[in-house]
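Chain by chain, the residues run as shown.
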Amino acid sequence: MSEVRIVAESRTEFGKGAARRARREGKVPGVVYGHGAEPQHVNLPGHELMLALKTPNVLIALEVDGKTELVLPKAVQREAIRGFLRHVDLLQVKRGEKVTVEIPVHVEGDLAPGAFLVENVLSTLPVEAEATHLPESVTVSVEGLAAGDSIAAKDVVLPKGTTLAVDEDAVVVQIQAAQAEEPAGEGAEAEGAEA
């Protein structure tokens, strides 16, 4: 995974008014914390941050006051309607350090012939990996599976250096039989005949 470089500025004003002013200027208020250091309040460029956050668990080389730190996004607050970034919490990490993150699970393959549905029980999988080598996602194959089949976390092939951070028997994907719906006209005719 490559690093995204973002230059931020220290934040000295706090509160709603200061946050609103920063957002009007196209900046996103944030906090950098971790490794026992005092939390550092920053303003990040909104557009650059939005583009970086399109990659799950993106590693950001954050430059603040001439000093560069590696950070991972831990919590992102967005406006409910328009989805604009409101605030971001960033976790400080070091090269070689193991961190726990959730990575997206992608499903591929064709089910066995019949009316079956795929249920993603876990849409993300908690894993532990080195901060600078985080996988972007994992892929699970449902090729040839039928109703009643499932894939457990221990069956998911993980990239080298990545371990599960969830119970290995946790169900990630399960296959169910599609339930046939009764045609709308039949139920109404039967009720009319009874009356």
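Residues numbered from 1 in each chain as written. Predicted model: local features only at pLDDT ≥ 70, side-chain atom pairs only at ≥ 80, totals over all residues. Heavy atoms only, no water.

What to know about the environment of leucine 62
- Within the element layout of this structure, leucine 62 appears in strand S4 (residues 59–64).
- Through-space distance from the C-alpha of leucine 62 to that of arginine 5 is 6.1 Å; in sequence the pair is 57 residues apart.
- Here leucine 62 is in contact with Ile6, Ala8, Val32, Leu44, Lys67, Thr68, Glu69, Val71 and Leu90, once residues within four sequence places are set aside. (Helix = DSSP H or I, 4+ residues; strand = E, 2+ residues; numbered from the N terminus. Contact = heavy atoms within 4.5 Å.)

Overview of the side chain of threonine 132
- With respect to the helices and strands, the residue threonine 132 is situated in the loop between strand S9 (124–130) and strand S10 (138–141).
- Within polar-contact distance, the side chain of threonine 132 engages the side chain of glutamate 130 at 2.8 Å. (Polar contact = N/O pair within 3.5 Å; in protein donor to acceptor, adjacent residues only side chain to side chain.)

Re the environment of glutamate 13
- Tracing the backbone through its elements, the reader meets glutamate 13 in the loop between strand S1 (3–10) and helix H1 (16–24).
- You can call glutamate 13 partly exposed: its relative accessible area is 46%.
- Put simply, glutamate 13 and glutamine 179 are 166 residues apart on the chain and 57 Å apart in space, counted from C-alpha to C-alpha. (Buried < 20%, exposed > 50% of the residue type's maximum accessible area, 1.4 Å probe, protein only.)

Quick word on the nonpolar core
- Grouped together as the largest cluster of nonpolar side chains are 24 residues, with contacts concentrated most on Leu72, Val93, Val99, Val101, Leu125, Val156 and Val172.
- Of all elements in the fold, only S4, strand S5 (67–78), strand S7 (98–108), S9, S10 and strand S13 (171–177) reach the threshold of two or more residues within this core.
- Broken down by element, this core gets its largest block of residues, 4 residues, from S7.
- Beyond its immediate stretch of four places on either side in the chain, valine 99 contacts Leu72, Val93, Val127, Glu128, Ala129, Ala131 and Leu134.
- Listed in part, the 17 residues of the second largest apolar core include Val42, Leu44, Leu53 and Leu62. (Core = buried A, V, L, I, M, F, W, Y, C linked by side-chain atoms within 4.5 Å.)

Observations concerning H1
- Taken residue by residue, H1 has Ala18, Ala19 and Ala22 as its buried positions. For H1, the angular spread of the buried residues around the axis is 100°, confining them to a single face. Residues of H1 that are exposed and point over 90 degrees away from its buried face: Lys16 and Arg24.
- Where H1 is buried, its residues touch strand S2 (27–34) and strand S3 (37–45).
- Directly beyond the C-terminal end of H1, a positive phi value near 85° is found at glycine 26. (Arc of directions from axis to C-beta.)

Comments concerning the sheet that holds strand S11 (residues 150–152)
- Spatially, S8-S13-S11 is the arrangement adopted by the 3 strands of the open sheet, whose pairing is antiparallel. Of all the strands in the sheet, the pair left with one neighbour each is strand S8 (116–120) and S11. Geometrically, the sheet is characterised by an average inter-axis angle of 15° between neighbouring strands, direction not taken into account.
- As paired strands, S8 and S13 are joined by 5 bridges and run antiparallel to one another. Looking at the pairing, glutamate 119 lines up with glutamine 174 of S13. (Pairing = 2+ DSSP bridges. Axes fitted to C-alpha atoms, helices over the stretch in contact; angles between N-to-C directions.)

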